[in-house]
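In case you want the letters, here they are:
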Amino acid sequence: VFQKRWVLRLHIVPAFGRRRLDAIGPAEIEAYKARKLREGQAAKSVNNHLHVLRKLLNLAVEWGELSHAPRVKQLRVPHGDFQFLTFEETERFLRAAAPEWKPFVTTALKTGLRVGELLALRWEDVDLVAGRLVVRRTLWQDQEGTPKGGRIREVPLSDEAVATLQAHRHLRGPYVFCEPDGRRLNHNRVKQVVPRACARAGLAKRLTTHDLRHTFAS
C-alpha cells in the first residue's frame with residue numbers, strides 16, 4: 001500500500017493529475033513510458049507505475065467516471081540471470097561479514113526475507129521456541145506497511161537461524177535489527193553491508209542484500 005501511494009504521489013499525479021480522465025489515452029501513456037525511461041527509471045519500475053495507473057483507470061470505469069479504460073501495455077523486461085552465492089561462497093561470505101552485521105546477513109540467507117521485511121522485523125514476530133517467525137510488515141520509503149502482496153506469512157526457522165537469533169537477542173528495543181540505541185535501521189544503512197562482505201571475502205560477485213534472498217531460493 002505504501003509503495004503504491006509513493007508511486008502515485010511521485011509519478012502518476014505529477015504526470016496525469018491535471019488531465020481529464022478521458023484525455024489519457026495510448027499516446028499519453030506511451031509518452032509517459034518513454035519519458036520515464038529517458039529519466040533513468042528501470043523498465044520494471046515503470047511497469048510498477050503502469051500497474052497503478054491501470055488500476056486507477058479501471059476503477060474510474062467501475063465508478064462510472066469513464067466510459068472505458070485505455071489499454072496500458074507493460075514494457076518488456078529482460079530476464080537476466082539472478083546472482084546468488086554457492087555453498088562454498090556462502091561460507092566465505094559469512095566468515096568475511098563484519099561481526100556486527102553477521103546476524104543480519106545470516107538471517108537473510110536462512111529465511112529469504114526481503115530487505116524491508118528484515119528492517120521491520122520485531123521480536124514479537126519471532127518464536128524461537130517453535131522455530132518460526134511471522135512476516136507482518138515491511139519498510140518502504142521509511143514507512144512501515146503490509147508485506148508485498150498484502151499478505152502476512154509464516155516462515156520456518158532452521159536450527160542455524162534459531163541459534164543466530166538466540167545469540168543476537170537484545171533488549172535495545174522492539175526491532176530485531178537496530179542501531180545501538182534501539183532505533184530502527186533503514187535501507188541506506190544496510191546498503192553496503194553485503195557488497196563490503198563480498199569484497200572482504202575476495203568474491204568476484206558484488207551482490208546486494210536482495211541477492212541473499214536469491215541465494216536462499218537457489
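Refer to the structure above for everything that follows.
We now turn to the structure provided with this report. Worth saying up front: this structure is predicted, and the values here are computed from it rather than measured.

Here we take up unusual backbone geometry. As a rule of thumb, non-glycine residues mostly have phi less than zero, and peptide bonds are mostly trans rather than cis. With a phi close to 50 degrees, Q141 is a non-glycine residue in the positive phi region. Position of Q141 among the secondary structure elements: in the loop between β3 (138-140) and β4 (143-145). Under the relative-accessibility criterion, Q141 is labelled partly exposed at 42%. If you check the backbone angles, D142 has positive phi at about 60 degrees while not being a glycine. Tracing the backbone through its elements, the reader meets D142 in the loop between β3 and β4.

Glancing now at the pattern of salt bridges. By the definition in use, this model includes 17 salt bridges. The partner of E154 in a salt bridge is R132, with the nearest N and O atoms 3.8 Å apart. You can see E154 sitting in strand β5 (residues 153-156) and its partner R132 sitting in strand β2 (residues 132-135), a full 22 residues away along the chain. By sharing partners, the salt bridges in this structure join R122, E124, D125, R136, R137, E144 and R184 into a single network.

Attention shifts here to the packing of aromatic side chains. Applying the stated rule across the entire model yields four aromatic pairs. Geometrically, the ring pair formed by W6 and W140 is edge-to-face, given 5.6 Å between the ring centres and 85 degrees between the ring planes. You can see W6 sitting in helix α1 (residues 2-16) and its partner W140 sitting in strand β3, a full 134 residues away along the chain. Where F16 meets Y32, the ring centres are 5.3 Å apart and the plane angle is 40 degrees; that geometry is what we call tilted. Within this pair, whereas F16 is found in helix α1, its partner Y32 is found in helix α2 (residues 26-38), the two being separated by 16 residues in sequence. In this structure Y32 comes out as buried when scored by relative accessible area, which is 0%.

Within the largest apolar cluster, 40 residues are counted, with the highest numbers of intra-cluster contacts made by F93, V105 and V126. At the level of secondary structure, the elements contributing two or more residues to this core comprise α4 (87-96), α5 (102-111), α6 (115-120), β2, α7 (159-168) and α9 (193-200). Within the second largest apolar cluster, 15 residues are counted, among which are I24, I29, L53 and V72.

It is worth spelling out α2 at this point. Across its 13 residues, α2 extends 18 Å between first and last C-alpha, which sits within 8% of the 18 Å expected from 1.5 Å per residue. Inspection of α2 places I29, Y32, K33 and K36 among the buried residues, and these make up the whole buried set. What you see down the axis of α2 is that its buried residues fit within an arc of 95 degrees, all on one side. More than 90 degrees from the buried face of α2, the exposed residues found are A27 and R38.

This paragraph deals with the pairing of β2. Relative to β2, strand β1 (residues 126-127) is paired through two bridges, and the arrangement is antiparallel. Bridging from a neighbouring strand, D127 pairs with R132 of β2. The antiparallel hairpin formed by β1 and β2 contains four residues in its connecting segment, where G131 sits at a positive phi of about 75 degrees. Of the pairings in the sheet, the one linking β2 to β5 comprises four bridges and is antiparallel in character. From the neighbouring strand, L133 faces β5, where its bridge partner is V155.

Rules of the game
- Residues numbered from 1 in each chain as written.
- Predicted model: local features only at pLDDT ≥ 70, side-chain atom pairs only at ≥ 80, totals over all residues.
- Heavy atoms only, no water.
- Helix = DSSP H or I, 4+ residues; strand = E, 2+ residues; numbered from the N terminus.
- Buried < 20%, exposed > 50% of the residue type's maximum accessible area, 1.4 Å probe, protein only.
- Salt bridge = Lys/Arg side-chain N within 4 Å of Asp/Glu carboxyl O.
- Phe/Tyr/Trp six-rings, centres within 6.5 Å; stacked < 30°, edge-to-face > 60°.
- Core = buried A, V, L, I, M, F, W, Y, C linked by side-chain atoms within 4.5 Å.
- Expected span 1.5 Å × (residues − 1).
- Arc of directions from axis to C-beta.
- Pairing = 2+ DSSP bridges.

The quantities given are spatial measurements derived from coordinates; they are silent on function.
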